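# Overview (structure and organization)
The chain contents come next:
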Amino acid sequence: QVQLVESGGGLVQPGGSLRLSCAASGSIFSRNVMGWYRRAPGKQRELVATITSEYNRNYADSVKGRFAIFRDNAKNTVYLQMNSLKPEDTAVYFCNLGWRGPNDYWGQGTQVTVSS
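To keep things clear, this report deals only with the structure shown in the data block. (Residues numbered from 1 in each chain as written. Predicted model: local features only at pLDDT ≥ 70, side-chain atom pairs only at ≥ 80, totals over all residues. Heavy atoms only, no water.)

### Observations regarding the side chain of R38
Residue placement: R38 occurs in strand β4 (residues 33–39). A polar side-chain atom of R38 sits 2.7 Å from a polar atom in the side chain of E46. A polar contact is formed between the side chain of R38 and the side chain of Y93, at a distance of 2.9 Å. Setting aside residues up to four positions removed in sequence, R38 forms contacts with Q44, R45, E46, V48, S62, V63, F67, E88, D89, A91, V92 and Y93. (Helix = DSSP H or I, 4+ residues; strand = E, 2+ residues; numbered from the N terminus. Polar contact = N/O pair within 3.5 Å; in protein donor to acceptor, adjacent residues only side chain to side chain. Contact = heavy atoms within 4.5 Å.)

### Regarding the pattern of salt bridges
This model, assessed by the stated rule, comprises five salt bridges. A salt bridge links R66 to D89, with the shortest nitrogen-to-oxygen separation between them at 2.7 Å. Taken together, the residues R66 in the loop between β6 (57–59) and β7 (67–72) and D89 in the loop between β8 (77–82) and β9 (91–99) connect sequence positions 23 residues apart. D89 matches R66 in its accessibility class, with the two residues each being buried. (Salt bridge = Lys/Arg side-chain N within 4 Å of Asp/Glu carboxyl O. Buried < 20%, exposed > 50% of the residue type's maximum accessible area, 1.4 Å probe, protein only.)

The structure is reproduced here in structure tokens:
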């Protein structure tokens with residue numbers, strides 16, 4: 001059983017910063033991909049950023065240069081540093097962990113609200 005526990009969401013003013021964390025526990029294959037997705041009100045869930053266990057990163061165009069994803073393999077934890085936040089970044093952010101085969105796990109989501 002794999003569990004993902006997210007933390008770090010909240011309310012921030014435009015231009016501000018937040019850091020999200022997601023800790024995974026359970027039986028986890030060492031070669032995996034961890035990432036963050038988000039779902040804004042009235043929209044479908046979209047990819048924000050992913051990082052492999054070999055530290056290969058991928059970002060959505062909308063967050064390049066503002067967000068940074070990194071991970072601690074020893075702790076099975078992934079982080080999302082979000083800078084220069086915009087109102088359009090407001091969404092529920094979900095942590096994801098997956099590896100080869102039907103292994104795809106999601107966190108419960110954490111709300112990020114960017115508003116003055």
